[in-house]
Amino acid sequence: MEAPAAPHVPGESGASSSFSSSSEITVNSPDQMLELGRRLAKLLRAGDLVMLNGELGAGKTTLTRGLGEGLGVRGAVTSPTFVIARVHPSLVQGPPLVHVDAYRLGGGLDEMEDLDLDVSLPDSVIVVEWGEGKVEELTDDRLNVVIHRAVGDTTDEVRHVTVTGLGERWGSVELGVLSA
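Residues numbered from 1 in each chain as written. Predicted model: local features only at pLDDT ≥ 70, side-chain atom pairs only at ≥ 80, totals over all residues. Heavy atoms only, no water.

On to the side chain of Arg169. In this structure, Arg169 sits in the segment after β7 (159-166). Among residues more than four places away in sequence, those in contact with Arg169 are Leu43, Leu44, Arg45, Asp48 and Asp141. (Helix = DSSP H or I, 4+ residues; strand = E, 2+ residues; numbered from the N terminus. Contact = heavy atoms within 4.5 Å.)

The terminal C-alpha atoms of helix α2 (residues 60-71) lie 16 Å apart, and with 12 residues this matches the ideal 16 Å at 1.5 Å per residue to within 8%. Taken across its 12 residues, α2 has nine buried, putting it largely inside the fold. Buried residues of α2: Lys60, Thr61, Thr62, Leu63, Thr64, Gly66, Leu67, Gly68 and Leu71, and no others. Residues of α2 that are buried in the fold lie against α1 (30-41), β2 (49-54), β4 (97-101), β5 (125-129) and β6 (142-149). Gly72 sits one or two positions beyond α2 and adopts a positive phi of about 70 degrees. (Expected span 1.5 Å × (residues − 1). Buried < 20%, exposed > 50% of the residue type's maximum accessible area, 1.4 Å probe, protein only.)

Bringing the pattern of salt bridges into the picture now. Across all of its chains, the model carries three salt bridges by this definition. Residue Arg38 is joined to Glu35 by a salt bridge in which the shortest nitrogen-to-oxygen separation is 2.9 Å. Pair noted here: Arg38 and Glu35 are both in helix α1, with a separation of three residues, about one helical turn. In this structure Arg38 comes out as partly exposed when scored by relative accessible area, which is 29%. A relative accessible area of 32% means that Glu35 is categorised as partly exposed. Close ionic contact of Arg169 with Asp48 constitutes a salt bridge, the shortest N to O distance being 2.8 Å. Here the residue Arg169 occupies a position in the segment after β7, and Asp48 occupies one in the loop between α1 and β2, the gap between them amounting to 121 residues. In this structure, Arg169 and Asp48 share a single accessibility class: buried. (Salt bridge = Lys/Arg side-chain N within 4 Å of Asp/Glu carboxyl O.)

Attention now moves to unusual backbone geometry. Phi at Gln93 is positive, roughly 65 degrees, even though this residue is not glycine. Taking relative accessible area as the criterion, Gln93 reaches 78% and is therefore assigned exposed.

Let us look at the nonpolar core. Ranked by size, the top nonpolar core spans 28 residues in total, and within it Leu36, Leu143, Val145, Val161, Val163, Leu175 and Leu178 carry the most contacts. Among the secondary structure elements, those contributing two or more residues to this core are β1 (20-27), α1, β2, α2, β5, β6 and β7. Per-element accounting of this core gives the leading share, four residues, to α1. Among all residues touching Leu175, those that are not within four sequence positions of it are Ser21, Ser22, Ser23, Leu43, Leu143, Val163, Thr164, Gly165 and Trp170. One finds Met51, Val98, Val128 and Val135 within the second-largest nonpolar core, a separate group that totals 10 residues. (Core = buried A, V, L, I, M, F, W, Y, C linked by side-chain atoms within 4.5 Å.)

The sheet built from seven strands is open, its strands ordered β1-β7-β6-β2-β5-β4-β3 with mixed pairing. Two strands lie at the open edges of the sheet, namely β1 and β3 (85-88), each paired on one side alone. For this sheet, the mean angle separating the axes of adjacent strands, direction not counted, is 15 degrees. Of the strand pairs in this sheet, β1 and β7 are connected by eight bridges, and their pairing is antiparallel. (Pairing = 2+ DSSP bridges. Axes fitted to C-alpha atoms, helices over the stretch in contact; angles between N-to-C directions.)

Following this line, the structure appears as structure tokens:
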């Protein structure tokens, strides 16, 4: 008798329909964070969900500004903390960038339902700051970006960025090009 199949866990390696790959990058300045965003933009396409996590001041919005530049979108990419979400249309026939700040949102996807991210996802690149525990239900295919920085009273601008691609979409994408 055959054993029952293991349940699918998004991002779990070894699952037949799920993949995971990652890259570690050290960033030494805001300019390098912008450049990382520009490089990452070259890997993105409509339908991609990017979740950004890190301490306050880690560089999430700076990275997103680089993504916007790399995607060729209209408008200044700034923190959407008080408006929750901003849409930046493409100037180069690419996908729009939907930039969401979920910092002030408490619960999961239910609280974000009014943003219609599930409707926007197929045609856009959606970047969600503070999205952990809130938007994973949108898709098994996503890019998790965690930015670590020294905390406390420091002028240290060094950031350690971990980029992890989850799901089949990211199975064949070489994330190592981000550290080039």
